[in-house]
Each structure stands twice: as C-alpha cells, then as structure tokens.
Amino acid sequence: MTLIKEFFKKETVLCVAGAAALLSVFFVPVNTGYLEYINLRVLILLYCLMAVVQGFKDIGVFDTMSASLLKRAHGQRKVALLLVLTCMALSMFITNDVTLVTMVPFTIMTFERLGSVGKELINCLVMETVAANLGSMLTPLGNPQNLYLYAKYGYTMPDFIKLMLPLFILSLLLIVLLTFISIGKGDSNEIEVKHDFEGTRAAKQTVNVTVGQAQLQASTSTSYKNNEKTKEMKLFIFLLLFVLCILTVAKVFNEYVLFVGITAAMLITDRKALRNVDYLLLLTFVFFFIFSGNMGKLTAVSNLIEQLIKGRALLISIVVSQIISNVPAAVLLSNFTANGRALILGTNIGGLGTLIASMASLITYKLYAAQSFAETGKFVRRFTLINFALLVILYLAVVVA
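What comes next concerns the included structure.

1. Points about helix H9 (residues 144-152)
- The complete set of buried residues in H9 reads Gln145, Asn146 and Leu149. The arc that holds every buried residue of H9, seen down its axis, measures 95°, which confines them to one face.
- The positive-phi residue at the C-terminal boundary of H9 is Gly154, with phi of around 65°.

2. Digging into the packing of helix H10 (residues 157-182) against helix H19 (residues 340-349)
- One can describe the packing of H10 onto H19 by two numbers: an axis separation of 11 Å at closest approach and a directional angle of 45°. Viewed along their axes, H10 and H19 adopt a mutual orientation that is oblique. Viewed along their axes, H10 and H19 form a crossing whose handedness is right-handed. Only Arg341, Ile344, Leu345, Asn348 and Ile349 of H19 make contact with H10, whose side of the interface consists of Phe160, Leu163, Met164 and Leu167.
- Its residues assigned to classes, the contact of H10 with H19 comprises 7 nonpolar, 1 polar and 1 charged.

3. Topic: the nonpolar core
- Judged by nonpolar contacts, the single largest core of 117 residues is most densely connected at Met164, Ile262 and Phe379.
- No other element matches helix H4 (residues 40-58), which puts 13 residues into this core.

4. Structural notes on the packing of aromatic side chains
- Inspection of the entire model under this criterion finds 11 aromatic pairs.
- Consider the rings of Tyr47 and Phe259, whose centres lie 5.2 Å apart with planes at 45°: the pair is tilted. With Tyr47 in helix H4 and Phe259 in helix H13 (residues 255-269), this residue pair connects regions lying 212 residues apart in the sequence.
- Take Tyr47: its relative accessible area is 8%, and that puts it in the buried class.
- Between Phe285 and Phe289 the ring centres are 6.4 Å apart and the planes differ by 65°, which places this aromatic pair in the edge-to-face class. Of this pair, Phe285 and Phe289 both sit in helix H15 (residues 279-297), 4 residues apart, roughly one helical turn.
- Taking relative accessible area as the criterion, Phe285 reaches 2% and is therefore assigned buried.
- Put simply, the rings of Tyr365, Tyr368, Phe379 and Phe383 touch in pairs and so form one group of aromatic residues.

Reading the values: rules and limits
Residues numbered from 1 in each chain as written. Predicted model: local features only at pLDDT ≥ 70, side-chain atom pairs only at ≥ 80, totals over all residues. Heavy atoms only, no water. Buried < 20%, exposed > 50% of the residue type's maximum accessible area, 1.4 Å probe, protein only. Helix = DSSP H or I, 4+ residues; strand = E, 2+ residues; numbered from the N terminus. Arc of directions from axis to C-beta. Axes fitted to C-alpha atoms, helices over the stretch in contact; angles between N-to-C directions. Parallel < 35°, antiparallel > 145°, perpendicular 65-115°, else oblique. Left-handed = near helix turned anticlockwise from the far one by under 90°. Contact = heavy atoms within 4.5 Å. Nonpolar A, V, L, I, M, F, W, Y, C, P; charged D, E, K, R; others polar. Core = buried A, V, L, I, M, F, W, Y, C linked by side-chain atoms within 4.5 Å. Phe/Tyr/Trp six-rings, centres within 6.5 Å; stacked < 30°, edge-to-face > 60°.

Following this line, the structure appears as structure tokens:
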C-alpha cells in the first residue's frame with residue numbers, strides 16, 4: 001500500500017490520465033478506432049527529443065552551458081529572465097513541448113549550481129512553461145493545435161501571425177513583468193555556486209603526483225585527452241540528431257525514420273540515455289489521447305458541444321482545453337464551428353490554466369517532479385495561480401479588442 005501511495009504521489013498526472021481513459025472505455029468499447037486517437041508523431045518526437053537531451057546531459061553539456069550562463073548573467077533575476085525569454089523565442093519555431101524538453105533540464109541544472117532549488121526554481125520553471133505556451137502561439141509551427149487549425153481553416157502565414165501578434169506582444173510584456181517580480185532581487189554581482197559537477201571539476205582538476213608517480217601522471221593525461229575526444233564526438237552526433245529532430249518537427253524529415261535512426265545511434269553511443277527516457281510521460285500522453293478521442297465519439301457529448309459552442313467558440317475552447325488539453329480540444333471543436341479565429345485564439349489562451357490544459361506543461365511538471373528536492377504541491381499551486389491569472393487577463397484582452 002505504501003508503494004502504491006508513493007507511486008500515486010510521484011505520478012499523479014499519469015494515474016489521473018489512466019483513470020480517465022479507463023472510465024471512457026466503459027462508454028466506448030475498445031475497437032480498432034482507438035488507433036486513430038493516438039498521435040504517433042507526437043509520441044515519436046517526444047521520445048527522440050528526450051533521448052537526445054538525455055545524451056547532452058550525460059556528456060555534461062548542460063553543466064558547461066549553465067557555468068557559462070552564470071558568468072554572463074549575475075543574479076537570479078537576470079538568469080531567470082534570460083532562460084524564460086529563451087523559452088519564448090524557441091517555442092515559436094521548435095514547438096512548446098520541444099522547447100521545454102530542451103530547456104527544463106538545463107534550468108534545473110543551472111539553479112542547482114545557484115544553490116537555489118526552492119521557490120526560485122519553481123517560479124522560473126512556471127514562467128518558462130508559460131513563456132513556451134504563449135510564445136508558441138505566434139506561428140503555426142509553435143504547437144500542434146496551431147498546425148492543425150492553420151491547415152483546417154486555410155490560413156496563410158502572414159494572416160496567422162497578424163492574428164496572433166497583438167496577443168503575443170501583451171503576453172511578452174506580462175511574462176517579463178511577472179518574472180521580474182517573482183524571481184530574485186536582481187542586484188547581486190556575485191553568485192554562490194553550491195554544487196560542483198563532474199564535467200567542471202574534470203576541466204579544472206590537476207593531477208598532483210610525486211616524482212615516483214610520473215608514469216601515472218602521463219597515463220592520466222592521455223586518458224583525459226581520449227575522454228575529451230570521445231565527448232566531442234558524442235557532442236557532434238547529438239547535435240546532428242537534434243537537428244534531425246527539428247527538421248522532423250518542420251515535416252522535412254520522416255518521424256519513423258527519425259525513430260529508427262535515433263534509437264540505433266543512442267544504442268551505439270549512449271544506452272544510458274535510452275534507459276532514462278521518461279516512458280511514463282509517453283504513456284500519460286497515450287491515456288489523454290484515448291480519453292479525448294472517446295469523448296468525441298459520445299453522441300450526448302457531441303450534441304452538447306454543438307449547442308454550447310454556437311456564438312461562444314472562444315470561451316468554450318478555453319473551458320474544454322482545461323479538461324482535455326488544447327490539442328484534443330482543437331481537434332474536437334473544429335468539427336462544430338467555422339469560426340477559426342475564435343478557436344485559434346481560444347485554444348492558445350486555453351493552454352494556460354490547469355496543468356493538463358497544455359500537454360507541454362506536463363513535461364515541465366514531470367521533469368521537475370523527478371528531482372529528489374521537488375516540492376510538487378508548491379509547484380502545482382504556483383503554476384495554477386499564475387496560469388489562471390494570465391488566462392483571465394488575456395481572455396479579457398481578446399474580448400475587449
């Protein structure tokens with residue numbers, strides 16, 4: 001019983017998603033149509049990106065980047081602002097989920113080096129998640145529902161950006177303001193580094209030996225050089241794999257070929273990275289796909305949606321996103337309205353709010369919850385407070401405009 005409680009505490013979102021999916025099965029019996037619910041492309045991209053990011057982590061890339069960042073940005077506030085704005089910029093082009101898979105481990109590493117893994121880290125991760133979700137609204141490439149709705153309603157790239165730009169600018173201002181208020185004093189010229197890491201120590205360490213150990217010194221030096229060459233080779237491979245992931249997001253490269261290629265490459269270069277992929281996160285996504293798919297198949301639910309959405313597409317898309325997340329909401333609701341503008345705005349704003357409103361938010365939560373120092377209750381409370389506050393502001397801004 002204790003093990004079950006601990007598992008539920010650590011994997012709350014997975015358990016809730018699994019329960020919802022199981023409950024929906026009683027209303028829609030399992031059939032071959034279930035296969036259509038599951039977006040294999042999304043799962044493959046997440047798997048590949050998590051594997052590559054874990055590879056970067058294993059060779060100390062995040063450690064090196066965090067050390068470099070701390071040399072250039074003094075004070076927690078400046079560090080946090082740089083990280084948050086980087087998330088917002090990246091999400092426009094490589095999607096919100098890809099951005100968070102890439103940036104969250106780096107952020108955790110950076111704040112560990114700052115010796116600050118409490119509320120400051122939580123606030124930074126929350127603001128990064130908000131920035132990724134809102135930054136991704138600007139372009140069709142930013143998130144899965146934008147890609148879908150962009151094609152569904154026949155938008156052009158200039159028209160889409162023109163629609164989202166005012167909301168994006170307001171979001172940017174709010175994100176900078178909230179990050180500035182919630183993280184650090186920002187006036188410190190020195191940062192106390194409380195954690196040291198293997199990669200950094202190795203780079204600085206000098207092997208002190210006596211005269212009688214000269215042979216050992218030479219051997220150690222040679223071994224170190226060989227190790228550095230191996231890391232450089234792995235870095236080149238992982239960078240190449242990461243580029244292939246981005247090209248796949250942009251539909252330049254086939255996701256099934258990517259899956260085979262990355263699995264084979266990681267088996268050769270870093271099997272540990274494959275073992276450390278968060279497969280439970282992938283299972284969580286599967287459960288949500290099943291639940292949202294089954295909801296769309298229920299006649300009573302479909303009739304209710306058709307009645308509710310008339311003249312209220314913006315509000316309904318926000319509300320539904322809170323329950324089944326914005327990607328399934330976009331797919332589901334697009335069958336009941338011709339108001340593409342309202343649905344695009346609603347599902348993007350609807351990515352704020354609950355933890356499941358945007359599946360990308362689950363990535364941040366899962367990566368943070370896996371840490372030994374994680375305070376998941378505080379994270380969820382802070383996440384919910386900030387997200388709903390921003391959701392209300394942006395909704396009112398659209399309505400007034």
